[in-house]
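Structural characterization, general
Listed below are the residues making up each chain.
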Amino acid sequence: MTREFLIQASYLASSVLFILGLRSLTHPDSARRGMQLAALGMLIAVVGTLLHREIVDYRWILAGLALGSLIGYPMGMWVPMTAMPQRIAISHMFGALAATLVGVAEFYDLGSGAGVGHAQMAALGFEVLFGSLTITGSLMAFLKLQEVLPGAPITFRGQNLASLALFASGLGLLAWLVASPVHPGAFYGMLAVGLAFGVSLVLPIGGADMPVVISLLNSYAGLASAATGFAIGNNVLIIAGALDGASGFILSIVMSKAMNRSFANVLFGAFGSPQASAGRTSEGLAVRAVTPEDAAIQLAYARKVIVVPGYGMAVSQAQHQLRELAALIERNGGEVIYAIHPVAGRMPGHMNVLLAEANVPYDKLREMEDVNPEFASADAVLVIGANDVVNPAAKHDRASPIYGMPILDVDQAKNVIVMKRSMSPGFAGIENELFYMPATSMLFGDAKQSLQKLIAQVKQA
Amino acid sequence: MTSSALVQSLYVFALAGFVGFLVITRVPALLHTPLMSATNAISAISLVGSLVAAGADRSRVATLLGFVAVTSATINVVGGFLITDRMLRMFHRGPRAQPADEEPKK
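This brings us to the overall build of chain A. When you go through chain A residue by residue, the secondary structure sums to 18 helices and six strands. Its C-alpha atoms put chain A at 75 × 50 × 35 Å along the principal axes. For chain A, buried positions account for 54% of its 461 residues. Of the contacts formed within chain A by residues at least 6 apart in sequence, a portion of 80% connects residues at least 24 apart.

Have a look at this one:
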């Protein structure tokens, strides 16, 4: 009795600490302390669980805890901030793997379905179906972000049909199992279908859509944990899983909105979109290239500079050079702020983390709605490796595939310097009108090298 | 699991989902990446279920699956909380009247 009470009390305490921890994330100043509380909650829950009467052998537990810590520590401490998207993607895989394996172990121990009621089978089924598709889906996302697989959509004819057929058969197997749980074949078949569906779901999704996919996978990993809680009757799992599920779901909605696309369009829209993107072409238009010397003169004594970072900054890891340049402009009496589009980069908040790593104070990082009115009054706007999020076609060109997407109003600025590797169109294959506007000059080259040249020139200016 | 237990679990799930919704809609976009790694670390609470599977000695299969599950969940707990803290440590407010080229002190 006391033992059971202690276990339940530990779960209650950790649930409360988890919620407090997430609540602290509403402000950067309180966030660290709050997350330490959440970590304490995790420790309490683990210690409580170790009191469990059913646990008779601690050897495998200790081995797992030791091995997990051994792998987890470097993944926490040594992974560079630039690798954060793939780091997050792979962690969704580990979370889903744990939930799925617990589900399989539970099913196996209950006589491969013989001792499983309908309600419990529903929980186990959801756990394994969501878990398995998240395992492979996250693995594919990781491989794409790590550039083991190409970032561009991988498609074949009839892919959507194949994906939908896999999903439907997964749900069909789940329904069958709930109706009659004693079907190990159906259970393991569902596991296999889930794994295959995860692959076919993520392979056709391109790099620029990764923020939505990572958020969705975050949500699925949480739901798989919550389903584990249902299956083994454990409230703290349900609560933590629901929190994670809600968080991922909200993030994926925010991301989809910021791209003006529906989930369905992100998940199944990879077909022919680059080819079909008519929009306007660049024929007859010319861009104005600028030398680092001239660009440096425009920046050196600017009163107000707005920086628009994009995935290109992350690729060339130019955030530290950017910060150095900003410091020079600030020393000359100028103000530098950073305009962050919600889907800039490959995951929610990607740019904020990189700039924070480069020591940019967070009060200089502005969200799209706040910063948009300021472009008109800026002396110079520096676009670093961002493309679609600054394309004015989103506002007025109905033929453009990104029409309707909220963008940063860089086209309102008097003077725009775009740093770009070459004139090849961005990921979506769309021409960007901004590059052809009279106020825009292009500084070609790798972002990091260009910034180094700018720094050298501004120092002399 | 009886159906009343299922309903009770659904209660908990629904209420926790609401709390999650209310709390997380207030997290600024600035902290969306730490939010992701934090929720990921928290949902590694499936460690709790893994521990029982690995230690209950019900069958060799369950013990082995449990061991792998404990390992994966621990990776997320240890790695997740560490990396969240590492990220949050980087976020700081700008100095007020300090020259900009100096390293801001934490």
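After that view, the rundown keeps rolling.
Across its full length, chain B carries four helices and zero strands. Sequence-ordered secondary structure for chain B, helices as α and strands as β, is α-α-α-α. Taken across its 106 residues, chain B has 59% of its residues classed as buried. Across chain B, the fraction of contacts at a sequence separation of at least 24, relative to all contacts at a separation of at least 6, is 53%.

Another aspect to go through is the interface of chain A and chain B. With 102 residues of chain A at the contact, the number on the chain B side is 84 residues. When residues in the side of chain A that touches chain B are grouped by element, the largest group, 16 residues, is from helix H4 (residues 84-109) of chain A. Class assignment of the residues belonging to the side of chain A that touches chain B gives a composition of 61 nonpolar, 28 polar and 13 charged.

Next up on the list: the domain arrangement of chain A. The parts lose accessible area when they come together, and the size of an interface is often stated as this lost area. Residues and elements named next belong to chain A. Considered domain by domain, chain A is made up of domain 1 (79-268) and domain 2 (292-460). Spacing between the C-alpha centres of domain 1 and domain 2 amounts to 36 Å. Broken down by secondary-structure element, the contributors of at least two residues to the side of domain 1 that touches domain 2 are H4, helix H8 (210-232) and helix H9 (235-259). Looking at the side of domain 1 that touches domain 2 element by element, the count peaks at five residues for H9. Grouping the amino acids of the side of domain 1 that touches domain 2 by side-chain chemistry returns 14 nonpolar, five polar and no charged.

Let us look at the environment of Val308(A). Residues and elements named next belong to chain A. Counting through the fold element by element, valine 308 comes out in strand E1 (residues 304-309). For valine 308, a count of 27 C-beta atoms within 10 Å puts it in the buried group. What valine 308 contacts, discounting residues up to four positions off in sequence, is Ala339, Val381, Leu382, Val383, Ile384, Ala386, Val390, Leu408 and Val410.

In this section: the confidence of the model for chain A. Interpretation of the predicted coordinates at a detailed level should be avoided for regions scoring low in pLDDT. In the predicted model, chain A carries a mean pLDDT of 87, and the fraction of residues at 70 or more is 94%. Taken together, the stretch residues 271-279 of chain A has pLDDT below 50 and engages in 16 contacts with residues farther than four places along the chain or on a different chain.

Moving on: the confidence of the model for chain B. Residues and elements named next belong to chain B. The pLDDT averaged across chain B works out to 87; a share of 89% of its residues lies at or above 70. The secondary structure element of chain B with the lowest average pLDDT is helix H1 (residues 3-24), at 91, and the one with the highest is helix H4 (residues 60-90), at 94. Residue range residues 97-106 is modelled with pLDDT below 50. Its contacts to residues more than four positions away, or to other chains, number 13 contacts.

Residue and element names in this part refer to chain A. With parallel pairing, the six strands of this open sheet are ordered in space as E3-E2-E1-E4-E5-E6. Each of the sheet's edge strands pairs with one partner strand only, and the pair in question is strand E3 (365-367) and strand E6 (440-444). Recorded for the sheet is a direction-independent mean angle of 25° between the axes of neighbouring strands. Direction of pairing for E1 relative to strand E2 (residues 335-340): parallel, over a ladder of four bridges. Within the sheet, the bridge partner assigned to valine 307 lies in E2 and is tyrosine 338.

On to the nonpolar core. Within the largest apolar cluster, 194 residues are counted, with the highest numbers of intra-cluster contacts made by Val308(A), Val381(A), Val383(A) and Ile384(A). If you tally residues by element for this core, the top one is H4(B), at 16 residues. Each of two domains, domain 1 (79-268) and domain 2 (292-460) of chain A, supplies a minimum of three residues to this core. Setting aside anything within four residues of it in sequence, one finds Val383(A) in contact with Val308(A), Val390(A), Val410(A), Val416(A), Val418(A) and Met419(A).

A word on H4(B). Spanning 31 residues, H4(B) covers 45 Å between terminal C-alpha atoms, matching the ideal 45 Å at 1.5 Å per step. Counting buried positions along H4(B) yields 25 of 31 residues, so the element is predominantly enclosed.

All names here are of chain A. Interhelical geometry of H4 versus H8 gives an angle of 25° and a closest axis separation of 9 Å. Between H4 and H8, the angle falls in the class roughly parallel. You can see that H4 and H8 cross each other, and the crossing is left-handed. Two secondary-structure elements touch here, H4 through Pro85, Ile88, Ala89, His92, Gly95, Ala96, Ala99, Thr100, Val102, Gly103 and Glu106 and H8 through Met210, Ile214, Leu217, Asn218, Ala221, Ala224, Ser225, Thr228, Ala231 and Ile232. Here the residues of the contact of H4 with H8 sort into 13 nonpolar, seven polar and one charged.

Here we take up the environment of Leu50(A). Within the secondary structure, Leu50(A) is located in helix H2 (residues 28-50). Considered as a pair, Leu50(A) and Pro348(A) are 298 residues apart in the sequence and their alpha carbons are 36 Å apart. Setting aside residues up to four positions removed in sequence, Leu50(A) forms contacts with Ile55(A) and Leu51(B).

This next bit is on helix H18 (residues 447-460) of chain A. Look at H18(A): 20 Å from first C-alpha to last across 14 residues, which is about the 20 Å you get at 1.5 Å a residue. The elements touched by buried residues of H18(A) are helix H12 (292-300), helix H13 (311-316), helix H14 (319-331), strand E4 (380-384), strand E5 (416-420) and E6 of chain A.

With that settled, the discussion passes to the pairing of E4(A). Residues and elements named next belong to chain A. The buried fraction of E4 amounts to five of the five residues, a majority that puts the element mostly inside the structure. Side chains Ala380, Leu382 and Ile384 project from E4 onto one buried face, and the interleaved Val381 and Val383 project onto a second face that is buried too. With five bridges connecting them, E1 and E4 associate as parallel partners. Considered in E4, the bridge of proline 309 is made with isoleucine 384. Alignment of E4 against E5, held across four bridges, turns out to be parallel. Bridge pairing links isoleucine 384 to methionine 419 in E5.

Definitions and limits used
- Residues numbered from 1 in each chain as written.
- Chains lettered and ligands numbered in written order.
- Predicted model: local features only at pLDDT ≥ 70, side-chain atom pairs only at ≥ 80, totals over all residues.
- Helix = DSSP H or I, 4+ residues; strand = E, 2+ residues; numbered from the N terminus.
- Buried ≥ 20, exposed ≤ 12 C-beta atoms within 10 Å, placed from the backbone.
- Contact = placed C-beta atoms within 7 Å.
- Nonpolar A, V, L, I, M, F, W, Y, C, P; charged D, E, K, R; others polar.
- Domains from an automatic or database assignment.
- pLDDT = per-residue confidence, 0-100.
- Pairing = 2+ DSSP bridges.
- Axes fitted to C-alpha atoms, helices over the stretch in contact; angles between N-to-C directions.
- Core = buried A, V, L, I, M, F, W, Y, C linked by C-beta atoms within 7 Å.
- Expected span 1.5 Å × (residues − 1).
- Parallel < 35°, antiparallel > 145°, perpendicular 65-115°, else oblique.
- Left-handed = near helix turned anticlockwise from the far one by under 90°.

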